[in-house]
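# Commentary on secondary and tertiary structure
Here is how the chains run, residue by residue.
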Amino acid sequence: MDPAQFFAASRLVIVAGKGGVGKTTVTATLALAAAKRGLSTLVVQVEGKSGLASMYGQPAFSYDQVTLAEADETAGQAAVKARTLTPDDALVEYLEQSGMSRISRRLVTSGALDMVSTAVPGIRDILVLGKVKQLERDRANDLIVLDAPAAGHAISFLQSASGLADAVRLGPINNQARDVLELLGDPARCQVMLVTLPEETPVNELVETAYQLEDRVGVSLGPVVVNGCYPDLPGLHVDPNEAAAASGSSLRPGEAEELTAAAEFRRERMALQREQIDRLAEALPLPQITLPYLFDSELGPPQLHHLADAFLAEVKALGPAAASTMKAP
Amino acid sequence: MTGPDLASLVRDRTIMICSGSGGVGKTTTAAVLAMEAARIGRRAVVVTIDPAKRLADALGLGHDGIGNLPKQIDGPWPGELWAVMLDTKSTFDDLVTNYSDEPDQAARILDNRFYKNISGALSGTQEYMAMEKLYDLHADELFDLVVVDTPPSRNALDFLDAPRRLTRFLDHRLYRVLMAPTRGMMRAVNVAAQAFVRSVSKVVGGEVFDDAIAFFQAFDGMEQGFKERAEMVLDLITSPATGFVLVASPKRDTVEEARYFTDKLAEADIPVAALVVNRMHPHFTEALPEALRARADTLGDSDLGGLYRNLADFALVASREEEHLSGLAEQVEPAPVVRVPFLRTDVHDLTGLALVGDHLFARA
């Protein structure tokens, strides 16, 4: 399908997945891919430590918005911006906007927020999501990509709204929770993009998370991203000596064995990956976007551009059904 | 010069704590260490936090089972292998029951809504309860070795800070302020505090504060016992009987996290006893990745070009992995570094655990 249509599906995409599956890499990739198609994109992070800035070759950022990639009008590329949202900052800002600036700082410095957030689980999450909702409403960016907390945290994070709407029946927190619920429940405004690796345990956990998100949060699920897939290569099934003869070249002693062992390993891994990708497709009727494994672990701007281009190519290959957000049955 | 190898640690230590970032195989490593102890005749128990379902089933910890009590796993070993899945809430409940003066006090706390939230949601509670469980099992004469898998927290070090964090929470001056009126002192001073509390109540609702006050009233008098216990737990996990096993994968970001983690342990005067690196790519060739890549490029899209490109890919990933690990290996010296290769399938049964054991203890 047309990437423009794909990125226009919802203004907020929440990227979620278990630790170690490359959630932040996918966040960075999705943002750059959208920007390459001319959508001004804002990346929102909720956990401080991550390599997102360095993937763009930029220094680390915090609550204040920074530009990770400048717009390039001749190339039709929009800017990628980013910021980190923390509950403390979001709360202070929220209280100030609600005319309660007098108590806002004190609430944080006295440690009362700690206690309140303990007493009312999810309050930190709702503060952050409330801020995200505000950013989404501002429409200052075409797309917002939220790098969600890892794994199980993602569910409690997104569930905080329904929990709080019940727990706190009146007042500003209740309003926030209701607004966030509305946002999460509206496929035109928000969808979740789940990330996994083509391996057994991550696939199982992704399927479980997908159903929990549907059931407990009621949020729409976009395509699933399968990260770290070995790209195919020619010759993996061919005997190196024959391949050398066909190319009119010769091998050093011992080289045939090395080439064979490496080719076998890749074939085997690719077959195992294929199995898991098929199993995922069977368990979860969502379109899949596969991203290549990067043998070079130095993830900087060139690699990120490579991933973003691969992402766009995958989007183009998606069927038209991917236009509307899909629901798992 | 390296320190005691992993086999000696399993033989000599009474506690082993597996830590590292999420997705690196901590749970599996912890289970394998306990299994190895059983193989050499020790009575070992592994405490897991959130095992993948099939591994949980293999350890007899299926979801229908009752949590928090160790279950014995039968197998071909002279020692004993036990496993327990941490149940944060009931561990906390036990702690409250043990430290309350009378059953009434415990009941009041256990019924309190604020307590129910804390025991499930206070950040660090799961970490603390893991350490609490460890302390409990260590004291139990049924076990020679306790192996713990640390929770996959945002900050991998939370569990070190957790005991103190909880007592700090219970000790917070804000609660003193909240508690003061009910103790009948300093009423005047508290007028300002009460005004503040009223404003906060406007934001989150008054019941929250009522619950909190009721909780701290019920908790009154138990803080000391809790604090002493927390100190004992901390002493135990920093004692020489405890071995920290750092689990990592050779990916750049997890190695960076492992290095950060090692620094933090060092600040707390805790050495890393062993480093386990899972999911290492195989090393196929001595040739340099750049040379192989150049050769592939001259061969274009031919089969031979593809074969060279593939070998170049694996030569590159292997050299990157060694690059990433060398700094970490140096940093954890004299701890031994054990490398476990990429395995064909995920570990979800005892045979799989035994296979990892063969790699960890150099029998493969």
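Residues numbered from 1 in each chain as written. Chains lettered and ligands numbered in written order. Predicted model: local features only at pLDDT ≥ 70, side-chain atom pairs only at ≥ 80, totals over all residues. Heavy atoms only, no water.

Residue and element names in this part refer to chain B. Of all seven residues making up strand β6 (residues 242-248), seven are buried, and the element is well covered by its neighbours. Covered by surrounding structure in β6 are T242, F244, L246 and A248 together with G243, V245 and V247, the residues of both alternating faces. Direction of pairing for strand β1 (residues 15-19) relative to β6: parallel, over a ladder of five bridges. Note on β6: the bridge partner recorded for C18 is V245. Relative to strand β7 (residues 272-280), β6 runs parallel, the two sharing five bridges. Bridging across to β7, L246 finds its partner in L275. A crossover links β6 with its parallel partner β7, the connecting element being helix α13 (residues 252-267), and its sense is right-handed. (Buried < 20%, exposed > 50% of the residue type's maximum accessible area, 1.4 Å probe, protein only. Helix = DSSP H or I, 4+ residues; strand = E, 2+ residues; numbered from the N terminus. Pairing = 2+ DSSP bridges. Right-handed = clockwise from strand over helix to strand, strands pointing away.)

The next point concerns the confidence of the model for chain A. Detailed conclusions should not be drawn from predicted coordinates in areas where pLDDT is low. All names here are of chain A. Per-residue pLDDT for chain A averages 87, and the proportion of residues at 70 or more is 90%. Mean pLDDT in chain A bottoms out at helix α6 (residues 112-119), which sits at 66, and peaks at strand β9 (residues 288-292), which reaches 97. Below a pLDDT of 50 lies the segment residues 323-329, which in the model reaches 21 contacts outside its immediate sequence neighbourhood of four places, other chains included. (pLDDT = per-residue confidence, 0-100. Contact = heavy atoms within 4.5 Å.)

Below, the discussion takes up the sheet that holds strand β3 (residues 71-73) of chain B. Residue and element names in this part refer to chain B. Pairing is mixed in the open sheet, where eight strands are placed in the order β3-β4-β2-β5-β1-β6-β7-β8. The open sheet has two free edges, formed respectively by β3 and β8 (337-341), since each of these has just one partner strand. Put simply, the sheet's adjacent strands are angled 25° from each other on average, direction ignored. Here β1 pairs with strand β5 (residues 145-149) via four bridges, running parallel. Opposite M16, over in β5, you have V147 as the bridge partner. The strands that α13 touches are β1, β6 and β7; relative to β6, the one it contacts most, it runs at about 160°. (Axes fitted to C-alpha atoms, helices over the stretch in contact; angles between N-to-C directions.)

Between its terminal C-alpha atoms helix α9 (residues 171-184) of chain A stretches 20 Å, which fits the 20 Å expected from 14 residues at 1.5 Å a residue. Among the residues of α9(A), those classed as buried are A:P172, A:I173, A:N174, A:Q176, A:A177, A:V180, A:L183 and A:L184. (Expected span 1.5 Å × (residues − 1).)

Working note: a packed helix pair is described by the angle between its axes plus the distance between those axes. Residue and element names in this part refer to chain B. At a minimum axis separation of 9 Å, helix α4 (residues 88-99) and helix α7 (residues 125-139) run at an interaxial angle of 65°. Considering how the two elements wind past one another, α4 and α7 form a crossing that is left-handed. Contacts from T88, T91, F92 and L95 in α4 reach T125, Q126, Y128, M129, E132 and K133 in α7. Considered class by class, the residues forming the contact of α4 with α7 number four nonpolar, four polar and two charged. (Left-handed = near helix turned anticlockwise from the far one by under 90°. Nonpolar A, V, L, I, M, F, W, Y, C, P; charged D, E, K, R; others polar.)

Residues and elements named next belong to chain A. Relative to the helices and strands, T25 resides in helix α2 (residues 23-36). In this structure T25 comes out as buried when scored by relative accessible area, which is 14%. If we skip the residues at most four places from it in the chain, T25 touches M55, L299, L304 and L307.

The subject of this paragraph is the nonpolar core. All names here are of chain A. In this structure, I14, L146, L158, V192 and L213 are the most contacted members of the largest nonpolar core, which totals 57 residues. The residues touching V192, leaving out its near neighbours within four places in the chain, are I14, A16, L158, L213, V219, S220, L221 and G222. Within the second largest apolar cluster, 42 residues are counted, among which are M1, M193, L307 and V315. (Core = buried A, V, L, I, M, F, W, Y, C linked by side-chain atoms within 4.5 Å.)

Time to look at the pattern of salt bridges. Per the stated rule, a full pass over the model turns up 27 salt bridges over all chains. For A:D296, the salt bridge is made with B:R320, and the minimal N-O distance between the two is 2.8 Å. A residue pair is termed interchain when its members come from two chains, as with A:D296 in the loop between β9 and α13 (301-317) and B:R320 in helix α15 (residues 303-331). The salt bridge partner of B:D144 is B:R43, with a shortest N-O separation of 2.8 Å. Here B:D144 is found in the loop between α7 and β5, whereas its partner B:R43 is found in strand β2 (residues 43-48), with 101 residues between them in sequence. On the accessibility criterion, B:D144 (25% relative accessible area) is partly exposed. (Salt bridge = Lys/Arg side-chain N within 4 Å of Asp/Glu carboxyl O.)

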